[in-house]
Each structure stands twice: as structure tokens, then as C-alpha cells.
Amino acid sequence: ALFNRFEAETLGVLDGDSQGAFWSQISDFSLPQEATGFCTVTDLLLKATLPITQTTEFIERLEPVAEDTELSLSALAHAGTGIVYVRARTHSENEASHLTRFVDRARAVVRHLGGFLVCESVPLGVKGKEDIWSTVDPGTGEPRADFQLMRRVKERFDPRSIMSPGRFVGGI
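Colleague: Could you clarify how one ought to interpret the overall build of the protein in this entry?
Modeller: Check the secondary structure of the protein and you find seven helices and four strands. Sequence-ordered secondary structure for the protein, helices as α and strands as β, is α-α-α-β-α-β-β-α-β-α-α. Going through the 172 residues of the protein one by one, you find that 33% of them count as buried. Taking all contacts inside the protein whose residues are at least 6 apart in sequence as the whole, residues at least 24 apart take part in 62%. In the form shown here, the protein has an accessible surface area of approximately 10900 Å², with 54% of it arising from carbon and sulfur atoms.

Colleague: What exactly am I supposed to notice about unusual backbone geometry here?
Modeller: With the exception of glycine, the majority of residues adopt a negative phi angle, and the majority of peptide bonds are in the trans configuration. Here Glu 70, not a glycine, exhibits a phi torsion of approximately 60°, which is positive. With respect to the helices and strands, the residue Glu 70 is situated in the loop between α4 (55–68) and β2 (72–78). Classification of Glu 70 by relative accessible area gives partly exposed; the value is 46%. Of note in this structure, Ser 164 is not a glycine but carries a positive phi near 45°.

Colleague: Looking at this structure, how should I read the confidence of the model for the protein?
Modeller: Predicted coordinates in areas of low pLDDT are best not read in detail. Summarising the model, the protein shows a mean pLDDT of 77, and 71% of its residues fall at 70 or more. Mean pLDDT in the protein bottoms out at helix α3 (residues 33–36), which sits at 46, and peaks at α4, which reaches 90. A low-confidence stretch, residues 32–39 stays under pLDDT 50, and its non-local contacts, those more than four residues away or across chains, total 13 contacts.

Colleague: Would you mind showing me how to read the pattern of salt bridges here?
Modeller: Where charged atoms from two side chains of opposite charge come close, those side chains can pair. With the rule as written, the count across this model stands at four salt bridges. Where Asp 43 meets Arg 89, a salt bridge forms, and the shortest distance between an N and an O atom there is 2.6 Å. Of this pair, Asp 43 sits in strand β1 (residues 43–49) while Arg 89 is found in strand β3 (residues 83–89), placing the two residues 46 residues apart along the sequence. Of the residues examined, Asp 43 reaches a relative accessible area of 0% and is grouped as buried. A residue is classified by how much of its surface remains accessible, and Arg 89, at 30% relative accessible area, is partly exposed. Between Lys 154 and Asp 158 there is a salt bridge, and its shortest N-O distance comes to 2.7 Å. For Lys 154, a relative accessible area of 19% puts it in the buried group. Its relative accessible area of 5% is what places Asp 158 among the buried residues.

Colleague: Can you help me understand the nonpolar core in this one?
Modeller: Most often, soluble globular proteins keep nonpolar side chains buried together rather than apart. Among the nonpolar cores identified, the biggest contains 23 residues, and Leu 44, Leu 46, Phe 58 and Phe 102 are the most heavily contacted of them. Residue assignment for this core shows that the elements contributing at least two residues are β1, α4, β3, α5 (96–112) and β4 (116–121). For this core, the element with the highest residue contribution is α5, accounting for six residues. Leaving out residues up to four positions away in the same chain, Phe 58 has contacts with Ala 48, Leu 50, Val 84, Val 86, Ala 106, Val 109, Val 110 and Leu 113.

Colleague: Can you walk me through α4 in this structure?
Modeller: Counting along an α-helix, one turn takes 3.6 residues, and residues three or four places apart therefore face a common direction. The terminal C-alpha atoms of α4 lie 21 Å apart, and with 14 residues this matches the ideal 20 Å at 1.5 Å per residue to within 8%. Buried residues of α4: Thr 55, Thr 56, Phe 58, Ile 59, Leu 62, Val 65 and Ala 66, and no others. Downstream of α4 by a residue or two, Glu 70 has a phi angle that is positive, lying close to 60°.

Reading the values: rules and limits
Residues numbered from 1 in each chain as written. Predicted model: local features only at pLDDT ≥ 70, side-chain atom pairs only at ≥ 80, totals over all residues. Heavy atoms only, no water. Helix = DSSP H or I, 4+ residues; strand = E, 2+ residues; numbered from the N terminus. Buried < 20%, exposed > 50% of the residue type's maximum accessible area, 1.4 Å probe, protein only. Contact = heavy atoms within 4.5 Å. Areas by Shrake-Rupley, 256 points an atom, 1.4 Å probe, with all protein chains shown as cover. pLDDT = per-residue confidence, 0-100. Salt bridge = Lys/Arg side-chain N within 4 Å of Asp/Glu carboxyl O. Core = buried A, V, L, I, M, F, W, Y, C linked by side-chain atoms within 4.5 Å. Expected span 1.5 Å × (residues − 1).

So this is what it looks like as C-alpha cells:
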């Protein structure tokens, strides 16, 4: 179905060195920037968890979002799990605002499709501006119930906030 939907022209079988190179790129796709060496300060890595039937729809809806925000887009979907990794890349460090807009719009697409989105790797210029963990319920504008629970647990076990202050979800 994907072959036809994306109008692929050829289908091939990889073997030998080409097979090894392909699987190496797949296994490195979701690694942190420092581990792979192929990411730059202009890269963003997102992980979407969706109903399995929505993975193709998600990728299709992100393509125009990437075009609108002037980003290059790569996606890796795990067949049968509903997990999709998305790498978005700007063309210069001055375009960090494009990444923030992309995350906001990608999060809206994921919500519409019944899923969740987490930023796994974010350039430092975006990190302080973006709610990486999506701690706010978009419907109410209030902190999500699970985030409030995490905050209460943290307060219970670390009332003076001396253990890694601000380094957990939502700056807890």
C-alpha cells in the first residue's frame, strides 16, 4: 500500500555492503546527535506514538508542515507499533524558530490522530523555548494531570528541590 501511495518506481533487495549500510543508517536514526555524528545544531528528533493505522497519515500530514516551515524531513516508522521517529533539519542556526513552529504543528497533527509526541533531541537554541515534554493540556491550557502527579511526587521526595533541580520533565 505504501509503495503505491508514494508512487515508488522500484523495489529492490539489498545485500552485502548495501544491506549493512542501510541497516546502519536505520539503527543510527534515533540516536542522539553526539553518538552518530550526522546531526547538527540545526536538527530536531521527534518520537510520535500513534494508533498503528495512523502512522502513514501522520507522515503524509507532516510533509507539507515541513515545507511550510522550510525544513528537510526524514521519517522512520516501526511497522506494527505505531512509533514514528521524525528528524527535521533547518539549513542554518538562524532558523531555530522554524523548528519551534514545526514542533507546535506536529504536536497538533499527532493530537488530532490520537497520539503523543515527545522531542527526543532538540538544539539548545530551541530547548528553552519549547515545551519538550508537552506538559500542558492543549484543550484546557492547564498542566496535564500526569504532570501534576509527577510534580507532587518530586515535591514529596525532594521538598527542597536539591536533587537535579529543573532537569526533569517540565523543569521539575
